[in-house]
Amino acid sequence: MMGDPIQLKDEGNKHFQAGDIDKAIECYTSAIKACKDKKVLAVIHRNRSACYLKKENYANAASDASKAIDVDAADIKALYRRCQALEKLGKLDMAFKDVQRCATLEPKNKTFLETLRRLGADIQAKLKTTFSTDSRVQNMFEILLDDEMEKDKREKAANNLIVLSREDAGAERIFQNNGVPLLLNMIETGKPEMILAAVRTLSGMCTGHKARAMAIIHMVGIDKMCSIMAVDNEEIALATCNLFQCVNDSLTGGDHREYGKEEALVLDASKDLKDILLSLLEMVASKKVSGHGRDQALNLLSKNVPRKDKKERDNSRTLFTIDHGLKKILKVCGQVPELPDQLPLTDNTQLIASVLLNKLYDDLKCDPERTNFREICDEYIKAKIDPNNMDKTIHAINAISGLLQGPFDVGNALVGHQGIMEMMVALCGSEREVDQMVAVEALIHASSKMSRASFIITNGVSLLKDIYKKTKNERIKIRALVGLCKLGSAGGDDYSLRQFAEGSTEKLAKQCRKWLCNPQIDTKTRNWAIEGLAYLTNDADVKDDFVEDEPAMKAMFELAKSKDKTVLYSVACTLVNCTNSYEKKEIIPELVQLAKFSKQHVPEQHPKDKKDFIERRVKRLLKAGVTSALAVMVKADNAILTDQTKELLSRVFLALSEDPRDRGIIVAQGGGKALIPLALEGTEAGKVKASHALAKIASISNPEIAFPGERVYEVVRPLVNLLQTDRDGMQNYEALRSLTNLSGFSEKLRVKIVKEHALPEIENYMFEEHDQIRQAATECMCNLVSCKEVQERYLEDGNDKLKLLVLLCGEEDEDIQRAAAGGLAMLTAAQKKLCTKMTKVTTQWLEILQRLCLSTDPRIQHRGLVIVYNMLNSDDSELVKKLIESEMLEILSVIGKAEDNPKRQDPIDVARTCLVKAMDLGLIKPFSNPS
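Quick look at the structure, then. (Residues numbered from 1 in each chain as written. Predicted model: local features only at pLDDT ≥ 70, side-chain atom pairs only at ≥ 80, totals over all residues. Heavy atoms only, no water.)

Take unusual backbone geometry next. Positive phi, normally seen in glycine, also occurs at glutamate 56, with a value near 60 degrees. Mapped onto the secondary structure, glutamate 56 falls in the loop between helix 3 (38–54) and helix 4 (58–71). In this structure, asparagine 178 takes a positive phi of about 60 degrees despite not being glycine. Looking at where asparagine 178 falls in the secondary structure, it is placed in the loop between helix 9 (168–176) and helix 10 (179–188). (Helix = DSSP H or I, 4+ residues; strand = E, 2+ residues; numbered from the N terminus.)

Below, the discussion takes up helix 48 (residues 833–841). Buried residues of helix 48: Leu834, Cys835, Thr836, Lys837 and Met838, and no others. Looking at the buried residues of helix 48, the elements they touch are helix 45 (788–795), helix 46 (801–808), helix 47 (814–830), helix 49 (845–853), helix 50 (858–872) and helix 51 (877–885). (Buried < 20%, exposed > 50% of the residue type's maximum accessible area, 1.4 Å probe, protein only. Contact = heavy atoms within 4.5 Å.)

Our next topic: helix 35 (residues 643–656). Helix length check: helix 35, at 14 residues, gives a terminal C-alpha distance of 20 Å against a target of 20 Å (1.5 Å per residue), a fit within 8%. Of all the 14 residues making up helix 35, 12 are buried; the element is thus mostly covered by neighbouring parts of the structure. All of the buried residues along helix 35 are Thr645, Lys646, Glu647, Leu648, Leu649, Ser650, Arg651, Val652, Phe653, Leu654, Ala655 and Leu656. Where helix 35 is buried, its residues meet helix 31 (568–578), helix 33 (611–623), helix 34 (626–634), helix 36 (663–668), helix 37 (671–680) and helix 38 (684–700). (Expected span 1.5 Å × (residues − 1).)

Before going further, it helps to examine the environment of threonine 778. Tracing the chain through its elements places threonine 778 in helix 44 (residues 771–784). Each C-alpha atom of the pair threonine 778 and phenylalanine 767 lies 9.5 Å from the other, and the pair is 11 residues apart in sequence. In contact with threonine 778, other than residues within four places in its own chain, are Met766, Leu808, Ile816, Ala819 and Ala820.

Running from N to C, helix 28 (residues 523–536) and helix 31 point in directions that differ by 30 degrees, and their axes come no closer than 8 Å. Considering how the two elements wind past one another, helix 28 and helix 31 form a crossing that is left-handed. Where helix 28 approaches helix 31, its residues Ile530, Glu531, Leu533 and Ala534 are matched on the opposing element by Ser570, Val571, Cys573, Thr574 and Asn577. Classifying every residue of the contact of helix 28 with helix 31 by side-chain character gives five nonpolar, three polar and one charged. (Axes fitted to C-alpha atoms, helices over the stretch in contact; angles between N-to-C directions. Left-handed = near helix turned anticlockwise from the far one by under 90°. Nonpolar A, V, L, I, M, F, W, Y, C, P; charged D, E, K, R; others polar.)

In terms of nonpolar packing, the biggest core is built from 260 residues, with Phe373, Leu516 and Tyr794 touching the most fellow members. With 34 residues, the next largest nonpolar core counts Ala42, Tyr58, Ala85 and Leu92 among its residues. (Core = buried A, V, L, I, M, F, W, Y, C linked by side-chain atoms within 4.5 Å.)

Moving on to the pattern of salt bridges. Under the defined criterion, the tally for this structure stands at 61 salt bridges. We note a salt bridge from aspartate 875 to lysine 832, for which the minimum N-O separation is 3.4 Å. Taken as a pair, aspartate 875 in the loop between helix 50 and helix 51 and lysine 832 in the loop between helix 47 and helix 48 lie far apart in primary sequence, 43 residues in all. Overall, the relative accessible area of 67% leaves aspartate 875 in the exposed class. By sharing partners, the salt bridges in this structure join Glu338, Glu433, Arg475 and Asp522 into a single network. (Salt bridge = Lys/Arg side-chain N within 4 Å of Asp/Glu carboxyl O.)

Across all of its chains, the model carries two aromatic pairs by this definition. Here the aromatic rings of tyrosine 80 and phenylalanine 112 are separated by 5.2 Å at their centres, their planes lie at 45 degrees, and the arrangement is tilted. With a gap of 32 residues between them, tyrosine 80 in helix 5 (residues 76–88) and phenylalanine 112 in helix 7 (residues 110–144) connect regions that are remote in the sequence. Each of the two residues, tyrosine 80 as well as phenylalanine 112, counts as buried. Both rings, one in tyrosine 361 and one in phenylalanine 373, keep their centres 5.0 Å apart while their planes meet at 55 degrees; by these two values the pair is tilted. Taken together, the residues tyrosine 361 in helix 19 (residues 349–362) and phenylalanine 373 in helix 20 (residues 367–384) connect sequence positions 12 residues apart. As far as burial versus exposure is concerned, tyrosine 361 and phenylalanine 373 are alike and both buried. The ring of tyrosine 468 is capped by lysine 477, whose NZ or CZ atom sits 4.9 Å from the centre of that ring. (Phe/Tyr/Trp six-rings, centres within 6.5 Å; stacked < 30°, edge-to-face > 60°. Lys NZ or Arg CZ within 6 Å of the ring centre and 35° of its normal.)

Below you can see the structure in the form of structure tokens.
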């Protein structure tokens, strides 16, 4: 039912005057719907505009005022309201015009004249900065493109340009000042530092702005961007990869601007995204592209093609990539660097390609899609195998190796095909070193899973032993040895399932260590030695020998820090084995008896896998510098540092930080910082392990040293995640202790902990039956109560938070008592209302308070007396009277009259202050001779 517009307008006016703006808007809106009279409608719009100004909804305020001005161009109230709204929206020139009209209509109105003067000055200042920014931009380009200019001036101009491009206003000024053609001129100079500055500036301009990113792609050209990324310069390839990523993010939803009606017409990015994808696939198998450029093209595909979340339904990008690019990726896997006329690669290219194959295969949703993937691989391999052309054949075998390191099932199916295994065996006996090498590597990759390795164990062991004994070539010898290591470790750490005769595993390991320490051997071959150790260190004798061999450990750490990152997984596996941080199945004694009785196999633990041996190994690893190696490994590119590898590194960190005495070394070598990315990304198990290691370090370290700068704020979320109830008690406890340490450090950290929704979890653990967890939670809360938001939670009605804190003060456990009393003392000092509330939440409050004040522990007594002082100071005369009439006065007198005692001075001083306060309030007469 429509009401009377005049009546509704009057009601709205009443609400507005009473300060109920929402009700006023409601009435005005109803009046607008019901009103037919133009002039009345203009007044209502003008009134609603005033409401929107109050609500800081400036766009609506301006719109309503405009509707009133459309009816009466001289509506001075509407003009001034629109001026106010436009000023807040940053449209100073339009606001200036409105207030100019107002001043013309009422030349003596001081408000209008003052606003006119202020806006005039603001506009001048804005013009000045715009012009100065524009002239600065042009000046920077002049410096950069002047060959005669000094080098340090050009470097400074380049840095300023990059910084300017990262702010939206700055990026827009560069763009409007002919920036893109000038940046292209910088790229054309061919000087690496100029290209880098230009590419980084373009990245800043493309970030978070879809329209500008699309304009830049069209002005620069996707082919041009690819040709820059193809250059043989690691820094330039990485910077251009980042530019592509910024473009991709802006085009796929990283831009949250409102573009209005034109968006659908102008900003359809699907064609550009498709062109970029096709261009990257072209780069993958192009001879003109450097190894670094190829790595970055593969990285971009890896990051942007598969779905981020398997719940998304659309995997069309993956299907498109498989149809247009799978053979190109296989071509990269099949390259044999020792042969002539191969694609330029880095040490990491083929592993990145395998990881990409795995991600694409994982992203497929149904059997027909997987069958298509397999058929394309099958067709590719068949076309390459040619008995009359050895080079093509070993390319095919190497491509299978790439698949075995990626989607293993696809590679494994190919190995099982007619003739492939025979071909591998035949190649092992070839005259050419390169044939043997490719075949042996493929055999090694094929023997990955224990059950599937049975065929290879039966045929492969004798074959590999044969090669190992006969070949004079160290590089092939080492690979054959790794094959034997791999097959020899198929029983895992089960002592009773050793594949080889007693002692031969140690011999193999000794040989691996020897190769590892030999700098004369090429890096790739030494990496294979680590791969061998990754398998052999399942054996406890081998682990023990390895950690005793410091040169071998140091050699492994140096290789882990090198540019070749293909070794990361093997190093991580070796370290997990040495620290015994792999997932262990719990062995139940009753089941062991049952298994023995029914003649089933029972896993046995090696004597050297007992706790004291593990601890000794951890100490040796730390002494050899394992932490600094781990810190470098964590920084590797995401395409190579897979989630599985991250989980292994997290397990190692957790094992290393077990002993509190070792945590200082870990912090000193950068372990604290290195753990943060592991705790934020990766598998669920990996993130939990890394968070647990973080908690161990954060609970006893100075946060400023362990996590310098802004890093410390990133630590909070992983720690709060450890408070979840499905985590184990030890994780909850360590997380609470570390949060206690952080919250004692700064107000900013306390606010961050509260923002991460830690309070409900911490309060939950204050109810915990386990004493240590309850104590840790109470101590943490004690540090957090100085935070305004926490105090407000205690002031709210309808919960038992304050009651719990008061009752915890009455606990038998002195540590809990001390923490709870500390929290209560701080709360009652900050919020006087809580002094009164405390007496209402439990009838035992006075008895508990007296117990605190009579405690033999001076720290608890001090906290209790501070609570008493806060109550005397609380402006609640009833409460003060009740306190003084109770036995509390006698307790205060006894403590206050005591002689000075350095061990108990704090409580004595507070008791005396309480007595003085009581005298000031006129509740007690002065002592005849107060001390």
